[in-house]
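Examination of the molecular architecture
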Amino acid sequence: MTRTRGRAAALGVLVAVPAQLAALVAVGLLVTHPPGHWWDPGENGLVGWLAAHRTPALTTASAWLSALAFTPAVVAVTAAAAALLLIRHRWRAAVLLAGGVALQAALFVTAAHLVDRPRPDVVRLDGALPTSSFPSGHVGAAAALYGGLGLLALHALRGRWRVPLCALAWTVPVLVAASRLYRGMHHPTDVAAGLLNGAAALWVVAHALPARAPRTPVVPAAPLPAALVHNPVTVDDALLARLTAVLAAHGHGPVRHLPGDAEDCGRAAAARALADGARLVAACGGDGTVTACAETLAGTGATLLVVPCGTGNLLARNLGLPADPETALAAALNGRTRRIDLMRVEGDGLPARAAATMAGMGLDAAVMADTGRALKRRLGWPAYLIAGARHLTDRRFPLTVTVDGAPPVHRQVRTAVVGNVGTLQGGVRLLPDAAPDDGLLDLVLVQPHGPRGWWRALLSLLTGTRRPGPDAPLEHFRGRRIELAAERAHPRECDGDPVDEGRTLTLTARPAALLVRVPGTPRDDDRPEPVGAVEAVGADREAA
C-alpha cells in the first residue's frame, strides 16, 4: 500500500507541476495580451496612487518588508530552518520548506521569462531587476517560506502561541505584496499570482512527500474482541474497511460494525457491543458519537478508542490524537491506557446525561444550534465561525454561578462554558487549566462589553492573561460541581450538540470514569480492568 501511494504521489507531482506552470503562464498572457483586446490590462491606477503618496516612514517600512523576501534573506532563512529541522529529525518538514521555496522559484523564473511583462510605469524604488514583472518572485518566495513556517508552527508546536505565530507568519507574504506595490515594482495581478504560486508550490510538495511509515503494531498477548460504533452519515464502508484492517493488524478481533442511531448517537450500539463481549470499542464519529459511547462504557472496564470522524473532534484533539481517522486509531492502539473524567450534565427539562468535553449556556449554544449540518459537512469546524459572526451582537444576560456550594456569584455574560478539557480547534486554549484527568471542572464566563470588550477577550484568549471580577472579558472558576442559573431560558449545548433551552445547567465531575487509549509509550498496567474497577477509582478520588 505504501508503494502504491508513493507511485500515486510521484505521478501527481509529474502532473501538478506542469499544470501549475501552464496555468501561471496562461494567466500572465491573458492579462498582458488579452485576445481581441477585450479588456484593458492596464493596472497603473493603484500603483500610481501609491507612488504619489509615498512618505519617508512608509518607504523605510516597505524596504524592510521587501528585504524579508530578497533572495539572500530567503536562502538564509530557508537553510537555517531546514538545518534546524534536520537536527531535530524532522526531515519531512525540512523537505516541505526547502522544496516549496525551490519549486516556486523555478516556476517563477520560467513564467517570468515566457510572459515578459514590463514593470509599472512609475518611479521604482528598487531599480532595474533582471526578471519581468509577472509573477512577483518576492511575494512567491515569501508565500512559500513564511507560509510554510506558519504551517509548521500550527501543526508542530503546542501551547497557546501556535495560532498567533501561524497568523504572524501568514501575514508576512501579504505585507511583502503591499510593499512591492508601494515600491512600484509590480502590478496588482503580479503579486496575486505570486501569492498563488507560492501557496500552490507548498501544496504540491506536501502531497509529493511519501506517507509516514506506520509504526510496528503492539500486538497484545491475547487478542481482544473489538467493535466499531460509527456514525453512518460521516463514516462510509471504505473507511470502515480501513479501520477494521488497522484493528486486525494490531491483533484485535473479531470486529463488529455497529451503526449508531440518530436518536441516541450510538448509545444502543455501544451497549450491544458490550453485550457481545467487546473489550475495545472504537467510537467513529464526532463528539456526539464519542460521548454516547463514553457514557455507555463508563465503569465497565472496557476501553474506548476515539476515532475522529466528525466536525469538532474536541476530545480527540485534547487527547493528542491525530486528525486522520486511521492514523488516530493506530496511534491509540500503539499507545497507552489512560483514565479520564466525565461530566454529569442536568438541568430544568434536561434529563441527566454525560459529557466528555464541554457544555454551556448562551452564545456558544446559540452558535451550535444555528450551524446547519450540511454546512458543517462542507466546511468542517470553520462553519461555526459563520454562525458565530451572526451572534456577536447578542445581548448579555444575568447569570448566577455557584461553585461547590460557595456563595453564589452574579454576572452579566454572553456565554458560560464548563469544560472537562480546555483546547478548541486551532489550539486555542479556552480553559487553560483544564485537564481531562484532574477530577475538576473548569468554567469560563465570556462577558465582554462592546467591540472593545471583544478585542480584550480575544487578546486574553491568545495571550493567556487573566484577571478576576465582573469587568474581566474572560473570568475563570474551578470546582467539582458548577451550577448555572439564569432568569429566563437560554440556548444550551452539550459536547457540541444543542439541547433544549432552559434556565439552569448543573455539571458535576465524575473522576476517572472512563478508560481510553491515547498516544504514548505502553506501560505494564495497560490491560483490561475488571467491571467496576474504574468507578471504584472514581469513588476513591471523590472521597479524597
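Residues numbered from 1 in each chain as written. Predicted model: local features only at pLDDT ≥ 70, side-chain atom pairs only at ≥ 80, totals over all residues. Heavy atoms only, no water.

Here we take up the overall build of the protein. Counting its regular elements, the protein contains 18 helices and 14 strands. For the protein, the residues scored as buried account for 47% of the 544 residues in total. Sequence-distant contacts in the protein: of pairs separated by 6 or more residues, those separated by 24 or more amount to 73%. (Helix = DSSP H or I, 4+ residues; strand = E, 2+ residues; numbered from the N terminus. Buried < 20%, exposed > 50% of the residue type's maximum accessible area, 1.4 Å probe, protein only. Contact = heavy atoms within 4.5 Å.)

Here the focus is helix 10 (residues 267–275). Taken residue by residue, helix 10 has Ala269, Ala270 and Ala273 as its buried positions. Along the axis of helix 10, the buried positions cluster into a sector of 100°, meaning they face one direction only. Elements in contact with the buried residues of helix 10: strand 1 (226–230), strand 2 (255–259), strand 3 (280–285) and helix 11 (287–297). (Arc of directions from axis to C-beta.)

Attention now goes to the packing of helix 4 (residues 71–87) against helix 5 (residues 91–115). Running from N to C, helix 4 and helix 5 cross one another at 165°; their axes reach a closest spacing of 8 Å. As far as their axial angle goes, helix 5 and helix 4 are roughly antiparallel. Crossing handedness for the pair helix 4 and helix 5: left-handed. Residues Val74, Thr78, Ala81, Ala82, Leu85 and Leu86 of helix 4 touch helix 5, and the partners they reach there are Trp91, Ala93, Ala94, Leu97, Ala98 and Val101. (Axes fitted to C-alpha atoms, helices over the stretch in contact; angles between N-to-C directions. Parallel < 35°, antiparallel > 145°, perpendicular 65-115°, else oblique. Left-handed = near helix turned anticlockwise from the far one by under 90°.)

Following both chains from N to C, one finds helix 7 (residues 162–182) and helix 8 (residues 188–208) inclined at 155°, their axes separated by 10 Å at the closest point. Between helix 7 and helix 8, the angle is such that the two are roughly antiparallel. For helix 7 against helix 8, the interelement crossing comes out right-handed. Of the residues in helix 8, those touching helix 7 at Pro173, Ala177, Arg180 and Leu181 are Pro188, Val191 and Leu195.

Our next topic: the side chain of Thr357. When you line up the elements, Thr357 lands in the loop between strand 6 (350–355) and strand 7 (358–362). With relative accessibility at 1%, the residue Thr357 sits in the buried group. Side chain to side chain, Thr357 and Asp495 meet in a polar contact 2.4 Å long. In this structure, Thr357 is in contact with Asp287, Leu314, Leu315, Met343, Val418, Gly419, Asn420, Val421 and Asp495, ignoring residues within four places of it in sequence. (Polar contact = N/O pair within 3.5 Å; in protein donor to acceptor, adjacent residues only side chain to side chain.)

Let us look at the pairing of strand 1. The side chains of a regular strand alternate between both faces of the sheet. The buried count for strand 1 comes to 5 of 5 residues, which makes it a mostly enclosed element. Neither face of strand 1 is left uncovered, since the one carrying Ala226, Leu228 and His230 and the one carrying Ala227 and Val229 both have all their residues buried. As paired elements, strand 1 and strand 3 share 5 bridges and run parallel to each other. Counterpart to Val229 in the pairing with strand 3 is Ala283. As judged from the 5 bridges shared by strand 1 and strand 2, these two strands associate in the parallel manner. (Pairing = 2+ DSSP bridges.)

Keep in mind that these numbers describe shape and distance, not what the molecule does.
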